[in-house]
Each structure stands twice: as C-alpha cells, then as structure tokens.
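If you want the building blocks of each chain, they are given just below.
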Amino acid sequence: MSGLRTPAGGRVDRGRPLRFTFDGRAYTGFAGDTLASALLAHGVHLVGRSFKYHRPRGIVAAGSEEPNALVTVARDAARRTPNVRATQVELYDGLVAESQNRWPNLSFDVGAINNLLSPLIPAGFYNKTFMWPRKAWFALYEPQIRAAAGFGVAPAHADPDRYAQRFAHCDVLVVGAGPAGLAAALTAAAAGARVLLCDEQAEFGGALLDEHDAVIDGAPVAAWLAATVATLRTNPRVTLLPRTTAFGYFPHNNIGLAERVTDHLADPTPTQPRERLWQVRAREVVLAAGAIERPLVFPGNDRPGVMLASAARSYLHRYGVKVGTRAVVAAGCDAAFQAAVELAAAGVTIAVIADVRAPGSPPGPAEAAARAAGLAIEASATVLGASGRLRVAGVTLGRVGTDGSVTPGARHACDVLLMSGGYTPSVHLHSQSRGKLAFDETLGAFVPGAAAERTRSAGLARGAHGLATALDDGAAAGLAAAAASGHRGDSGPRHAVRALDGGVAGRAGALPQPAGPLPPAKAFVDFQHDVTTRDLALARREGFEAIEHIKRYTTTGMATDQGKTSGLNALGYVADESARAIPDVGLTTFRMPYTPVTFGLFAGVARGDLFDPVRRTPSHDWASARGAVFEDVGMWKRARFFPATGEDLHAAVDRECLAVRHRVGMFDASTLGKIEVVGKDAATFLNRLYVNNWANLGINRSRYGILLRDDGFVYDDGVIARLADDRFHVTTTTGGAARVFAMMEDYIQTEWTDLSVWITSTTEQWAVVAVQGPRARDVLAKLVTDVDLAPAALPHMAVARGRICGVPMLLFRVSFSGELGFEVNVAADYGAEVWAAIHAAGQEHGITPYGTEAMHVLRAEKGYIIVGQDTDGTMTPDDAAVAWAIGKTKPDFVGKRSLERATMKAAGRKQLVGLETVDPGIVLEEGAQVVAAPGQTPPMKMIGHVTSSYHSASLGRSIALGVVAGGRARLGETLYVPMPAGDIAVKVVGPVFYDREGARLNG
Amino acid sequence: MLIIDCPYCGPRPELEFAHGGQAHVVRPADPSKSSDDEWTEYLYLRLNTRGVYAERWRHARGCGRFFNALRDTTTDHFLATYRAGERPPTVAAPRSAP
Amino acid sequence: MAESLKRTPPRVAAHRWLEPLPAATRFSLRGGPAARAAASRAFGVELPEQACRAATAGGRAALWLGPDEQLLIAPEVDAAAASGALGAALADIPHALVDISHRQVALGLEGPHAVWLLAHGCPLDLDLAQFPVGMCTRTVYLKAEVLLWRTAEDRVRIEVWRSFADYVVAQLEETALELPA
C-alpha cells in the first residue's frame, strides 16, 4: 500500500485483505474499512463531481454527514445503488463502486464547463431564465435540466432484493451508541427496562471508536467498549441494532428505523432481506446522536483534500489511515488542535495550525497540548484560499487584526487541509418530534429545548461535552427514561475517565476575508447543493431576509444534507451579513429522513403478489381450472368471462349472455356484501336507514333496497330479505360491504341507541351461486330438497330455506339478469362442491358459467344500475331512476331531508337514461361526454356522460346508459358524443332495453 | 402513527382506528322540522379548531365501538377519550408532552 | 340427495410454526349482560366480561371481541347442539346470534418464533406482559384484519376471514424465510 496506512492500530482486520474497484481500478483494503477509508489509504481523495458546477470533490467527513463522497455501488444490473456515502459503504471482497456526475471520467469532466459559466448560473437561475415560453418547459428546459443535474443513475431493472419490516416496542429507545447512548442503555437496562439501542454505524461506540488513548473506568477505551456491548448483548431485555438509522420521529414516540441487513456482505443469502424497516413504539426515548463537526467557509474550501479535522482523527484511529502527509490545520475550535497533535504523533507533518477561532475564545486543553508538542500555531489567523485542482496543494492564510481587518499572509504547501468550525449537536430527531430548540451561546449552536414528546437528549447531542460528561449525562438520561417508563434503578458510580477532551465550541459563517467584494474563488456553505456565500449574498440582495426564504431560493441545506454540515454556517453567514444574532435569523425545519432511505424499505413486503390481499371465492379454483379470465374488484378476484377455445372477450360474453337469455347460466355472486341485521327493532332500523318501507315486507320475502347518505345521494343498494320477524339478510355491493357495515354501526351506536338491533357481517359465511335463465328452475330442481320451487310457491323476490346437495341452503328467487333467477346461498365451505354440482346438473340444459362482464351486459339490457358506475356520489334516487323504491309514507329515513332541498329537485339535474347510437354498430366509450349539438369545438357545454356501454348480443346492437341533464324530458332527442374521430349521434331512450314489461322475471 | 386510548380496550395503535369526524354533532330528531340552513349546518359545517378538538373515532379493527376523543390539533396529543353518549370531560390545559 | 357434503375450508399449508386448525363451529353473539349470562349457561363457558379476554371450558371457547360482542367457538360436531341450546336459552332475551362457522378460518401459530412472526405485520405489543396468555383481540396484520388469541406462551390462534387466509399465510411464510433452518 501507499504508506498512508499506519503500521498497526485501528479497528480494521489487517489479516483480512479485501479487493475492490473504484471507477474500474483495482484496490485493496481491510475488513473493517469503509470505501472512504480504503480509498484514503491509497491516497485517493478525489471521489466525485459536484451537483451544479461539476467541481472535483473529495471526502470531507467520516460519517453519515458526508456531503461530497456520493458513489454508486453496483452488485449487478438491477442492484445498482446510487448516492450512497462512501463513508458508510462497508468494504467487502469484490465491491464495485463508481463515481457519479462526471463524463467521460472523474479527472476530466466535460460538465465542469458549468464551473466556468458559474457567474451565469447563480441561485435562482432556473427560476429566472427558463420562464417562457411555457411549452418549452416540457419539451426543452426540463429534460435538459434533468439530464444535466442530479446525481447517479437509477437502476434499469426492478429491485430483486427483499425488504422486511417489523413492529417493535420498548420502554426505552436509545438512538446512538456513542458514550452517552451506551451509558443510557446500561442504566436503563440495569433498571429492568426493555431497551432498544440503535446506531447507524457498523459498530457500536460512536465517538469512542475514534479514541485511542482514553481510559474509562480503568480500562482502555476499546476494552471498555467491548465489555459494555457484551453486557448489553447478554441482557435478554435489550435489543441491539447496529447499521440502523433512526430516520424519522413520528407522533407519540413512533420512531422509524432503517436497518441495513446485507449491504455490507459480499455474498448475502437470498433469504435475508436487504433492509428492514423497524416501526418502534417507545415509552421513552433517549436521543444520543452526538454532534457533527462544521466545515469552515473560505474560498476553495471544497478542494479534494480539505476535510474535517474529526474525520482525520477517525481515519487515523479507527481505520489506521493517514489522510495525508503534510497537513495544514484550520482550527475554528479547540478539538482541531487535538487532531493536529495526534496526526503529528502518527508521523504526519503539520505545516501549521491556523488558529481561526473567534476572537476572545478561551484557551482549550487541546490547544495547550499542541503548544506542548511544539506545533507551529498562527494566532488570529484566517484562511484566504486553497489551491490545487484535483487535490489541495497549498493554503493561503491571512491575519485578522484587532479591528477585524484582514491582511494576507503566507502560503503553506500541503496535501491535506483539516478544518473545524466547532460541533453542531444533531438535533434532527428532537426537532422532527416538534421539540423546541434553544441557542447555546457558549457552544455557538442550537441544542434541544423543551420536548414535545416523551423524549430527552443526552451527551454531545445536547451540548454536554467531554467524555466523562457524556457518559454521566447518558447514564442519567437512561435512568430517567427507565423511571418514566416504570422501571426504577440506580445510577451506579460515576464514570472515571482520562481523556484529552478538546473543546467543541466554534464559529459559524464565513471566515474573515479582506475588505471589498467577495473574491472570485467560491466559498461553499452547502457542498452538496453547490451553494456559496455569493449565492446567500445574492439572495439577501434580492430581498430575501427570512432564512426559510433564503433556504428555498438558494437550496442551501435542502436534500440529504438537511443542515448537517451546512445549516449553522448558512445561519451564521446570514447573521453576520445582516448584523443579527443567529437566534434572530431563525431556523429552518429539520425534515425526515435523517439520511436517505430506500423506496424498498417503505415498500417492504407490499410488492408483487403480496402487495394486497387477493381475495378468492370458493369457486375460484374451479373457474381458474377452466381458463376463466379474472378481474380485480376491490381486493376480490372475480371471473370476468370464461373463454371457450379461440374466443376473445366479446365472443365469450356474447355466448354467455345468450345462454342466460335462452337457456341457463351460473354466476358466482359470493363477493356481494352480506350483513345479518337482528333484533326486535331490525325492521325499524332498516326503515330509518334505507329509503324503502320494510315494515310491510313479509317473512321470506325480499326487496331491492336503496341506501342514501344523509346528503341525499345514493350510497349503496342491494336486495334485503326478511328471514324472520326480527332478522333480515341485507346484501350490499361488493365494494360497499365494509362501509355500509360501518355506517350501520354508526347509526346503531351513536344515533339510534333506542333500538334493540345488532349487525353481523356474513359476507364470507355464504357462497352464492346465481342460477339465471329460463331453465334455472329445471337445473335446481335436480339438487334442491325441502323447497317447492314452483312459481306460485316461490314467486319472484321470495326466499326459502331448504337443502341443496344435502346441505342447508338459503334460496333467493332474485334476478339481476332479467330472467327467471335464483341465488343459492350455502355455507362457504360447501361452496366449491355445490358450484360444481349445479354445473354438473345443468349440463343437460346447456348451463353456461358466466362472468362479471356478461353480468354487466345483462343488467344493462334491463336498465339495472350499478352503484358507483352509473352513480357517482352526486345522484339522488330520482336522478338514478330508482325513486320508485322510496317508501312514500315514511316520516324520515337517512337522506330524506336532503331530498327536499330545492337543488335536489331542480330541473336540469342529470338523470339516468338509455342512449342508443344511431349507428347500432358503434359501442360508446364509458366516460365519454354528451353534448347537445354536433360540430362544436372545445370548450363546449357538456350536458352528460356515458356511464355504461356494451354490445348486446341479445339485441344485436350496442346499448348504453348515461346521465344527461334533464334526461327524461329529452326522450327521443338526438344528442352527440364528441370523440376524436367525430361526433357520434345518440338517441335518448328509456333505460330498459330488453323485456320492458319484465315478463321474463316471472317465468 | 398515534396511540389512541380506546375506552374499552385501552391504548392501541392508530392503524386499528377509523376517524369519524367532529364529535357531538347530533342528527335532528325530526329532520323535516329543520330549515334548509339548519340542515346544511348539520350536514356540512364543521369546526376547524386549532387546539382542543372533540372528535369521533371508531375502534374499527378492534372492539368496533365508536367513541369520542379530545385531541389538541396543534400537538396531536390526546387529552381524553370517552364513550359515545358521554359528555366531554373537563381537561386541564394541554400539556407539552403526552 | 345423498347426505351431506363434508366441509372443505380453504387449504392452508402446514409449517413447523403453523398448524392449520380444524373446521369449527362459530357464533357471533351480540347483546347485553342478560344475553351473556344466558349464553354462558347454555354454551357451558362463562363468557368473559373483561375486555380482550377469552374463556374456555370443555373444548369450547368464548372470546370477548367488544362490549356487546362475543365469539363462541365449538368443535365442528357441536354445531347442532350448540345452536339448539343457545337458541333456546336466548329466545326471550334481546340478542343477535349469527352462525359464522364458515366466515373465518383458524391458524395455529406455534413455537418460539410465533410472536416474532406476527410482529412482522401486527402493530400490537405482543410481549407476554402486554399480551398475556388468554388475551384475545381483533387487530391488523399488514392489510388484513385478524383476531389474535394467545392460547399459550408460544401459541397464538389466528382467526381470519377466509378470503384473507392466503394473504396472511403468505406473509408469514415470507417472514419465516428468515427463521433459522
């Protein structure tokens, strides 16, 4: 390797070398490396091009806050994941990674012309430039902008991976397994609480992983960490979730976790999900997410090789990688001095430490250590620029006078520039939970304020700085959380710690620059969105003062950064420029997810065959075996038609319809909703609910019922049978079953509590076979016992109980086809066999199974409406031509009062009519509009539309139902259906096309 | 996802519930006596409260019961749940945490 | 016509963690305390008054589903006897007794992973302390409504409407892929 790997130390396994490629070039790393650490070990800093200007970019951070190093990891054509942070990609043998946003390659990128053109594309450029003509947006601007912008390429194939999901419950959820989080989990678990501890990193430890010589409770930090994790792991009440990001804080302590299960494995087993969504419900939450180091804002701060000082420490101590050989350290906070000291000890030359802390900053322990180590420190410094194109080559410092004036200083050659602007507590989840934020003047950053949920922050996430402080703060938080969830425990002794604890207070905004206009070199505030101080200044010049406006105008802090690295610097810059304090500038909202989450995670198992329940009726297998074509009706699979060999839909439907009209057909009506209404007030209840009169319905008789909502519009319909004085069998539409049931419960429970009535859903208790056609009785006669099927004994709309195939049957003499018809109800476990038995018995009569398509044609020939197809939620019974069903003498029913409103009776309402095309061969399109006169051009007055339209084999022509303004007064008129190919002339007729007298029903 | 305290079953996840709109809207005993305006108000006019709001829920995938709740619409915190037909309880000012 | 067809409930694949339970007789009983008292005597099981609890006796069970709703479960062969006894005992008491034997099917989830499998799609806390043996409730399992009844520490009886059984089982099978072999 390049000599940048330290000879020993770190948490990588030097006995397990791993091969990987980046942009096609082969490298090696070690188990425990991230892609970023492995590349840095080879001296590779340049890993990507920026979003807008295509500037060369390097690795800035070591954690999930990385704004630049977004790469594509490709396992195969379908498993290409764009925009993953190289700092979070765990190395496995054979890993293939590619840089993004560059063409033809990373070192030479044509798109970098944008950088030269940058004066022409400031913030708001798109909004200002691509305004007119409007059509060009779709044809020209948007496709071009989309092609030029954006990161990565989505895979072309469907995602072949599995994604799992779980609901989990705990007393205490601890987010973040750094010192505070581990201490919290320890005390909460010791108190007996059910604890769930998650951390986005592969290993627990957080900031402890970046320490090398700290001592906790007498043990070296690594040993303490191992012992602590072991203690937690052996506790059955504790669930440990590494590689798991708490990405969203939802109401009532519902936290979304994204667990990455297999992304780190070279060879995942197919039974493992790639990721798992955890929906955690926690009684109490401890947020110990730590803090993120802020970049400094100075010209050229985005050069590859310019990185966070904490990241350099992390790469050194955790991965055994020196990020460079000669470093300039720009210390905006005390902790940066610690990085300088430790890198120097590892053999990195420290060219100079530029002390860029705010004037008057108190001395810190790390600064003292640097002085003791004899490192060169330039006081009252600032950074005027960084040079080098694909890698930083030098840094020009300046000196800040006591009056704030800046004088240029020396240029220092280097191959890495380490910067620190101080630490920003990760308040994202606290803020997502609607908790307040408070500005900590000492820290110079926002910390969690009053909580809105049962949550508390601990450790550096709330500004509690220093290892001992973080441990004790975490322990106290864990204890308090456990107690609040009903588990009291002891805090135990305070943790004894020996650590350097560099200070974390820093500065926000841009580093001081010489007076005058901004230098031409860009100083980036938001690396990921290429937002510079110049953009923020422009936004202010154009009148944007509110930070929410500035954010949207410049896009600073948007997308995946969510203010992690950019937020406070943007605020600080605006505050400085407008001479306001940071808290007075305001805050933008932290939005979920904390880091990007895959679509797969949210889709979970709801994909393909498992997307929705597929509900099948008892006859399904029979129909399927005979080649039935099914359609989805809600979640149900219903046989749509039963094609004979060589038949298409139309041929099959014609044959099925003719069979019903001339012989006999059978149809599976099992999906109709069924509700048993029982109680001494059952009839009264239905009288109040449905428009019809039920009091005079005899036992063993049925009636077509119409249900309105109280707004007077048709809501559902169905046949209702009276089985006993106090028992009704109500049928509903297939799609309406659940909502009618809920509506009934509503009225029973909350409006008519005086009634003694209960309801029970029996939809799935019964399998229903409709046997329809002139020979229906002959077929059933062979199978039915205990029922007299003769017309006089069982007339139209009569109901009988008997047996079929020896099992109990509820038999309805009803028809939705207009023919002699029966509906056989048997308990569902008998449904398949009874269906088959009826089919067998009907062979000599030519019985024909028919599907929903033929059912639709047959009912349309009779003018029977389908609620939801011929009605649309704005139709009264009169509009739908079913006003005859209304019980005229009833004082009230649901919807009655609304029917009395003037608009509900106004002339010109759309009414259901039949529409007959003048050319009988034309089948209208359902949904097509109806107009009064031909030859119009849009916009034209639409007076109605087609609701149902079919070819009728029985009539040898097309038929249609539609709703037309004042339709019943237009009978005989010719209207027009304008279509792209021309107007189609239609005659308005009554809605009944077949057997207008209804004689066939009574056969 | 909210946690809703069903007066019959105890605290349950929102997935089991169906929202039922504003509570204590009483259907006129004899709608024919309502004026058009009164009927319109009954049908359509609802509060849009910022703060404590009385609303109906049904434990649709649980015990099936309708009940009422007082919820602070600014925080989504429930202050009380109570059975249908009961008067809303007197509650203290909304707390900051549930 | 020959007597009588045998019940053929929806087929459910057996797994080491899933036992398809036999066809049963089921009644929905809705009504007040008087109905419950009469039904307790007729059915031979003290109908639970406590919310979300089940009671069993003599191979029969009564499950509290709502303040006015109980699910009565008996072996398939008890259908006529139970129906007759309940009908007679409840004749003069306001109630609704509806046969729903065929409406749903029963799945026996068993073994150390029973609850783990359910947590894939059920949002309830199934920890033994929160969902003890004897507890029963309607709830959701992903997009299906189910009735869960914990009959032992490591056994849960799932009752689900018949057309949703395939979906529930398929989702459990999907989750079970992760179980150790």
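Residues numbered from 1 in each chain as written. Chains lettered and ligands numbered in written order. Predicted model: local features only at pLDDT ≥ 70, side-chain atom pairs only at ≥ 80, totals over all residues. Heavy atoms only, no water.

To continue, consider the pattern of salt bridges. All chains considered together, the criterion is met by 74 salt bridges over all chains. Put simply, E844 of chain A and K782 of chain A hold a salt bridge, and the shortest N to O gap is 2.5 Å. Highlighted residues: E844 of chain A in the loop between α22 (831–841) and β45 (848–849) and K782 of chain A in the loop between α21 (776–781) and β41 (784–785), separated in sequence by 62 residues. On the accessibility criterion, K782 of chain A (41% relative accessible area) is partly exposed. A salt bridge links R157 of chain C to E159 of chain C, with the nearest nitrogen and oxygen atoms 2.8 Å apart. When its relative accessible area of 15% is taken as the criterion, R157 of chain C is described as buried. Judged by its relative accessible area of 3%, E159 of chain C is buried. In this structure, a network of salt bridges that share partners links the residues R55, R57, D302 and D530 of chain A. (Salt bridge = Lys/Arg side-chain N within 4 Å of Asp/Glu carboxyl O. Helix = DSSP H or I, 4+ residues; strand = E, 2+ residues; numbered from the N terminus. Buried < 20%, exposed > 50% of the residue type's maximum accessible area, 1.4 Å probe, protein only.)

All right, on to the sheet that holds strand β20 (residues 377–378) of chain A then. Residue and element names in this part refer to chain A. Read from one edge to the other, the open sheet built from 5 strands follows the order β17-β24-β18-β19-β20, with strand pairing classed as parallel. Two strands bound the open sheet, and with one partner strand each, they are β17 (306–308) and β20. The pairing of strand β18 (residues 326–331) with strand β24 (residues 416–420) spans 5 bridges and is classified as parallel. Bridging from a neighbouring strand, A331 pairs with S420 of β24. Across the sheet, helix α7 (residues 309–319) lies against β17 and β24, angled at about 80 degrees from β17, the strand it touches most. Against the sheet, helix α8 (residues 335–345) touches β18, β19 (349–355), β20 and β24, its axis set at about 170 degrees to β19. (Pairing = 2+ DSSP bridges. Contact = heavy atoms within 4.5 Å. Axes fitted to C-alpha atoms, helices over the stretch in contact; angles between N-to-C directions.)

Take the interface of chain A and chain C next. With 48 residues of chain A at the interface, the matching set in chain C holds 52 residues. In total, about 4300 Å² of surface goes out of reach between chain A and chain C, with carbon and sulfur atoms giving 51% of it. Three residues stand out in chain A for area buried against chain C, namely R166, W758 and D829 of chain A, and they jointly supply 17% of the buried area on that side. Here chain A is connected to chain C by 10 salt bridges. In this structure, D166 of chain C and R616 of chain A form a salt bridge, with 3.0 Å as the shortest nitrogen-oxygen distance. Between chain A and chain C we count 29 residue pairs in polar contact (both at pLDDT 80 or more) in total. Of all the secondary-structure elements, those providing two or more residues to the side of chain A that touches chain C are β8 (163–175), β15 (275–287), β35 (673–678), β39 (758–761) and α22 of chain A. Its residues assigned to classes, the side of chain A that touches chain C comprises 21 nonpolar, 10 polar and 17 charged. (Buried area = accessible area lost by both parts, 1.4 Å probe. Polar contact = N/O pair within 3.5 Å; in protein donor to acceptor, adjacent residues only side chain to side chain. Nonpolar A, V, L, I, M, F, W, Y, C, P; charged D, E, K, R; others polar.)

Take the interface of chain B and chain A next. If you look at the interface, chain B gives 30 residues, while chain A gives 29 residues. For the chain B and chain A pair, buried surface summed over both sides reaches about 2500 Å², with 45% attributable to carbon and sulfur atoms. Here chain B and chain A share 5 salt bridges between them. The interface formed by chain B and chain A contains 16 residue pairs in polar contact (both at pLDDT 80 or more). Of all the secondary structure elements, the ones that give two or more residues to the side of chain B that touches chain A are α1 (36–44), β4 (52–58) and β6 (77–83) of chain B. Looking at which element gives the most residues to the side of chain B that touches chain A, the answer is α1 of chain B, with 6 residues. Of the residues in the side of chain B that touches chain A, the class split is 15 nonpolar, 9 polar and 6 charged.

Before going further, it helps to examine the domain arrangement of chain C. Residue and element names in this part refer to chain C. Taken as a whole, chain C is organised into domain 1 (13–22 + 103–181) and domain 2 (24–100). Computed from C-alpha atoms alone, the centre-to-centre distance between domain 1 and domain 2 is 23 Å. Facing 15 residues of domain 1, the contacting portion of domain 2 comprises 14 residues. Among the residues domain 1 hides against domain 2, the three largest losses belong to C136, R138 and W149. Together they make up 40% of the total. Counting across the domain 1 and domain 2 interface gives 2 salt bridges. When the shortest N-O distance is used, the salt bridge between R138 and E69 registers 2.9 Å. Our count for the contact surface shared by domain 1 and domain 2 stands at 7 residue pairs in polar contact (both at pLDDT 80 or more). Secondary structure elements with two or more residues in the side of domain 1 that touches domain 2: β7 (104–110), β8 (136–141), β9 (144–152) and β10 (155–161). A per-class count over the side of domain 1 that touches domain 2 returns 8 nonpolar, 3 polar and 4 charged. (Domains from an automatic or database assignment.)

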